[in-house]
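Descriptive structure summary
The chain contents come next:
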Amino acid sequence: MTKESFIDADGQQIEIAHYDIEFQNVDFSYGEGKERRQVLHNVNLKIPEHTVTAIVGPSGSGKSTICNLIARFYDADSGSVRVGGHDVKEFTCDSLLSNISMVFQNVYLFHDTVRNNICFGKPDATEAEMVEAAKKACCHEFIMALPEGYDTVIGEGGGSLSGGEKQRISIARAILKDAPIIILDEATASVDPENEHLIQAAISELTKGKTIVTIAHRLATIEQADQILVVDDGQIIQRGTHRELVAVPGKYKDFVDIRSQSEGWKIG
Ligand SMILES: Nc1ncnc2c1ncn2[C@@H]1O[C@H](COP(=O)(O)OP(=O)(O)OP(=O)(O)O)[C@@H](O)[C@H]1O
Ligand SMILES: [Mg+2]
């Protein structure tokens, strides 16, 4: 039996009525046997639908792991991860993932045409819908400049495209899929300012009106979130808005002080 059919064995086709996300007492470990290591410790969180939640914290603290559990790439050891009021284990993979678009830290594109890469989340999309998504994601121009436009085959893993271009294609894919929940695991690696600007423009098209979970690194994005969750060593140690969290001593304030120096940014 494949892993997918195994996971789907008890799954149901669930149409959810809302898009709140919730973790209840979630513990999680990677690995088996001697390699096993617990990386999330009793995580509780609530992400109300149609809001923006930013997850911040040091490298290795568990931010991407939290996102992986929402999409059920792994199962919690104990506790419950819930989407729309249902434990993620109740869904089939397809019915859970139909609600979620993920834009990853390391973008993976298929060795296939640009067109098929964009249409992956909505195979029956029309040409006009696909081009519209590419335009919104600031991709159309560079795609038209490729040797065969949308029919150009992308090299394995994205080959000849820049990191920023690959990321924008993955955003075009997510825009076309139009899922209600968007998970953004932003790259820490700095792209050039022009790319940065285009990626931010693409992301703001993608996230309009959605439920957003973002592992953001830019203060400007974090500051605007409805809720910030500060993760440290697999635990949520602070939560609140930017305004609330900079008003108290703690990891978040330290993080902002360091970041604002490096970004030449002042706390308003
Ligand atoms: N597939 C995996 N197998 C085993 N351990 C893993 C795996 N993925 C992550 N880890 C470990 O789990 C911990 C949390 O990792 P995670 O990727 O969630 O951190 P992060 O907060 O997203 O870090 P970063 O800011 O560097 O992306 C780390 O100690 C990491 O080494
Ligand atoms: Mg990460």
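The sections below set out a description of the structure shown in this document. (Residues numbered from 1 in each chain as written. Chains lettered and ligands numbered in written order. Predicted model: local features only at pLDDT ≥ 70, side-chain atom pairs only at ≥ 80, totals over all residues. Heavy atoms only, no water.)

As for the packing of aromatic side chains
Under the criterion given, the structure shown has five aromatic pairs. Ring geometry for F28 versus Y30: centroids 4.8 Å apart, planes at 85°, classification edge-to-face. The buried category is assigned to F28, whose relative accessible area is 2%. On the accessibility criterion, Y30 (27% relative accessible area) is partly exposed. Aromatic pair Y30 and Y74: ring centres 5.1 Å apart, planes at 90°, arrangement edge-to-face. (Phe/Tyr/Trp six-rings, centres within 6.5 Å; stacked < 30°, edge-to-face > 60°. Buried < 20%, exposed > 50% of the residue type's maximum accessible area, 1.4 Å probe, protein only.)

Here we look at the site of ligand 1
Near ligand 1 you find 13 residues, and of these R37, S59, G60, K63 and T65 are the closest. The separation between an oxygen atom of ligand 1 and a polar side-chain atom of S59 is 2.5 Å. The separation between an oxygen atom of ligand 1 and a polar main-chain atom of G60 is 2.8 Å. For ligand 1, the protein covers 63% of the area, taking 630 Å² as the surface of the free molecule. When residues of the shell around ligand 1 are traced back to their parent elements, those giving at least two are β2 (37-47) and α2 (63-70). Take the shell around ligand 1: its biggest share by element is three residues, from α2. Class assignment of the residues belonging to the shell around ligand 1 gives a composition of four nonpolar, seven polar and two charged. (Near = heavy atom within 4 Å. Polar contact = N/O pair within 3.5 Å; in protein donor to acceptor, adjacent residues only side chain to side chain. Areas by Shrake-Rupley, 256 points an atom, 1.4 Å probe, with all protein chains shown as cover. Helix = DSSP H or I, 4+ residues; strand = E, 2+ residues; numbered from the N terminus. Nonpolar A, V, L, I, M, F, W, Y, C, P; charged D, E, K, R; others polar.)

Description of the sheet that holds β2
Sheet architecture is open: four strands sit in the order β2-β1-β4-β5, paired in antiparallel fashion. Of all the strands in the sheet, the pair left with one neighbour each is β2 and β5 (86-87). In this sheet, β5 lies alongside strand β4 (residues 78-83) in antiparallel orientation, the contact comprising two bridges. Residue pairing across strands places R82 opposite D87, the latter belonging to β5. Seen against the sheet, α2 touches β1 (21-30), β2 and β4 and runs at an angle of roughly 115° to β1. (Pairing = 2+ DSSP bridges. Contact = heavy atoms within 4.5 Å. Axes fitted to C-alpha atoms, helices over the stretch in contact; angles between N-to-C directions.)

Some points on the pairing of β1
Of the strand pairs in this sheet, β1 and β2 are connected by seven bridges, and their pairing is antiparallel. Bridge pairing in β2 places F23 opposite L45. The antiparallel pairing of β1 with β2 creates a hairpin that spans six residues between the two strands, and G31 there sits at a positive phi of about 80°. Two elements, β1 and β4, share five bridges in a ladder whose sense is antiparallel.

Brief notes about the pairing of strand β7 (residues 181-185)
Of all the five residues making up β7, five are buried; the element is thus mostly covered by neighbouring parts of the structure. Here β7 shows two buried faces, one formed by I181, I183 and D185 and the other by I182 and L184. As paired elements, strand β6 (residues 100-103) and β7 share four bridges and run parallel to each other. Across the sheet, S101 pairs through a bridge with I182, a residue of β7. Sheet analysis places β7 next to strand β8 (residues 211-215), joined by five bridges and oriented parallel. Along β8, the bridge assignment pairs D185 with I215.

Focus: a nonpolar patch on the surface
A grouping of F73, Y74 and F104 is seen on the molecular surface, where their side chains present a nonpolar patch of about 270 Å² in accessible area. By the element assignment, F104 lies in the loop between β6 and α4 (114-119). Relative accessible area serves as the criterion here: at 34%, F104 is assigned to the partly exposed category. (Patch = residues over 30% accessible without salt bridge, like charges linked within 9 Å, V, L, I, M, F, W, Y side chains within 5 Å. Salt bridge = Lys/Arg side-chain N within 4 Å of Asp/Glu carboxyl O.)

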